[in-house]
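Here is what each chain is made of, one letter per residue.
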Amino acid sequence: MSNIEYYFYEKGRTTIPKPCPGLYCGRIYSNGVYSGCGACPWGYRANLSICVPCDTQLPAYDSFYLLTVVLMTVLLHFYFIDKSVKLAYRKKPQVMILYLSAIAESSLSVLISMFLYNPFGSLKLTGCGVKQLSDFYTVFKNPRPNYEEKLYCTQEAAYPIYSIVLVYICLSILAILIIRIPLVGIFRIRRDSANSIYAAFYFFPIMAAFYAVLAGYLYYSYPVLMLIGAVVSTAWFLASRPYQEPKEMLVHIITSPRLLIILIGHWLITSFGILSVSELNGVPFTWEMLTLVFVPLIFYLVTLKLTDPSKFHSD
């Protein structure tokens, strides 16, 4: 007699909910009958082998995650616009049109993305809730009961966190074609200043491919990545200033709208990272936490004289 246990489950329809193999296989209830085990429809998720609708309000952590994606795309637009504009042309009103266009494109893409998801046509998003890393990689969790026929239960368990970002990226590319390209022609913006459009057509597909593969890891690590990136970027930004005396540096940054906007952008990234870390660890938010956004700047200014290479002399 063989001691190998046989896994048994109801393969066909049932009149009562029967368990399904795997983490993401479920049964669809319709007209008093439960379907066979399989993938749940889009916008549903298997809960105790029953496909239930994703109608739970998104937690704050998920909302910060989506807002972070939008913020990063806007900052990328700003970065490439700034790099593509020549120094003598930065104060021209046509350049401001490019910045406003980037904000309008992202805002329009966000609104349309939200309208397309449940509840349809509303600015409110509902979801299933992310429970574990594998929710982003259900394609690797298709079970094969008793090593027989494989059950294909691939679905978007992390609805809508996974797909809405890809939809937003596609809509952002379309928005560039509809908004920014016509504005470049209407206001006769210099060709070198419009190179930011070509940059967007490169970084959006790269961003989409990167996200499609690493979405789950980014979801759980983005607060820490944002904080580390903001601190390193702030240090690089301050170190690249021509004035390395604390008072002169502050005056130089405050009196330059461009530099001040760049510094505020770093503070926004840091604040999102702080809020996300507090949500991830269940720490109640207090407004005093936002004062931490100034720590990298203050630390750099306080330790500036201690790290100035000119202060060190070889014997």
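Scroll up to find the structure.
A brief structural summary.

Conventions we followed
Residues numbered from 1 in each chain as written. Predicted model: local features only at pLDDT ≥ 70, side-chain atom pairs only at ≥ 80, totals over all residues. Heavy atoms only, no water. Axes fitted to C-alpha atoms, helices over the stretch in contact; angles between N-to-C directions. Helix = DSSP H or I, 4+ residues; strand = E, 2+ residues; numbered from the N terminus. Parallel < 35°, antiparallel > 145°, perpendicular 65-115°, else oblique. Left-handed = near helix turned anticlockwise from the far one by under 90°. Salt bridge = Lys/Arg side-chain N within 4 Å of Asp/Glu carboxyl O. Buried < 20%, exposed > 50% of the residue type's maximum accessible area, 1.4 Å probe, protein only. Disulfide = S-S within 2.5 Å. Phe/Tyr/Trp six-rings, centres within 6.5 Å; stacked < 30°, edge-to-face > 60°. Pairing = 2+ DSSP bridges.

1. Observations concerning the packing of helix α2 (residues 93-116) against helix α3 (residues 161-186)
Between α2 and α3, the shortest axis-to-axis distance is 8 Å and the interhelical angle comes to 140 degrees. Relative to α3, α2 is oriented oblique. For the pair α2 and α3, the sense of crossing is right-handed.

2. Notes on the pattern of salt bridges
Scanning the model with the defined rule gives four salt bridges in all. For the salt bridge of Asp-82 with Arg-258, the shortest nitrogen-to-oxygen distance reads 2.6 Å. Here Arg-258 lies in helix α6 (residues 257-280) and Asp-82 lies in helix α1 (residues 60-84), a separation of 176 residues in the sequence. For the salt bridge of Arg-180 with Glu-105, the shortest nitrogen-to-oxygen distance reads 2.8 Å.

3. Here's the deal with the side chain of Thr-270
Looking at the element boundaries, Thr-270 is found in helix α6. Relative accessible area serves as the criterion here: at 5%, Thr-270 is assigned to the buried category.

4. Details of the state of the cysteines
Overall, the coordinates contain four disulfides when judged by the stated rule. In this model Cys-20 forms its disulfide with Cys-37; the gap between the sulfur atoms is 2.0 Å. Judged by the sign of its S-S torsion, about -85 degrees, the bond between Cys-20 and Cys-37 is left-handed. Separated by 17 residues along the polypeptide, Cys-20 in the segment before β1 (29-30) and Cys-37 in the loop between β2 (33-34) and β3 (44-47) bring together distant segments of the chain. Residue Cys-20 shares its accessibility class with Cys-37, and that shared class is buried. Each disulfide pairs two cysteine sulfurs, and for Cys-54 the partner residue is Cys-128, the sulfurs being separated by 1.5 Å. With Cys-54 in the loop between β4 (50-53) and β5 (56-57) and Cys-128 in the loop between β6 (126-127) and α3, this residue pair connects regions lying 74 residues apart in the sequence. By sequence-ordered numbering of the bonded cysteines, the chain has its disulfides arranged as 1-3, 2-8, 4-5, 6-7.

5. Quick look at the packing of aromatic side chains
For the structure on display, the rule yields 19 aromatic pairs. An angle of 85 degrees between the planes, with centres 5.3 Å apart, marks the rings of Trp-42 and Tyr-159 as edge-to-face. On the criterion of sequence distance, the pair formed by Trp-42 in the loop between β2 and β3 and Tyr-159 in the loop between β6 and α3 is long-range, its members being 117 residues apart. Note on Trp-267 and Phe-294: the rings are 4.9 Å apart at their centroids and 75 degrees apart in plane angle, and the pair reads as edge-to-face. Of the two residues, Trp-267 sits in helix α6 while Phe-294 sits in the loop between α6 and α7 (295-302), which places them 27 residues apart along the sequence. Judged by relative accessible area, Trp-267 falls into the partly exposed class, the value being 22%. Overall, Phe-294 belongs to the partly exposed group, its relative accessible area being 35%.

6. Topic: the pairing of β4
Both β3 and β4 contribute to a ladder of four bridges, which runs antiparallel. When the bridges of β4 are listed, Ala-46 appears paired with Cys-51. Taken together, β3 and the strand that follows it, β4, pair antiparallel across an intervening segment of two residues, in which Leu-48 is found at a positive phi of about 55 degrees.

7. Focus on unusual backbone geometry
Residue Pro-119 follows Asn-118 across a cis peptide bond; omega there is -10 degrees. Positionally, Pro-119 belongs in the loop between α2 and β6. Of note, the amide linkage connecting Tyr-159 to Pro-160 takes the cis form, showing an omega dihedral of -5 degrees. With phi around 55 degrees, Asn-146 is a residue other than glycine that occupies positive phi space. Take Asn-146: it is sitting in the loop between β6 and α3. Judged by its relative accessible area of 24%, Asn-146 falls in the partly exposed class.

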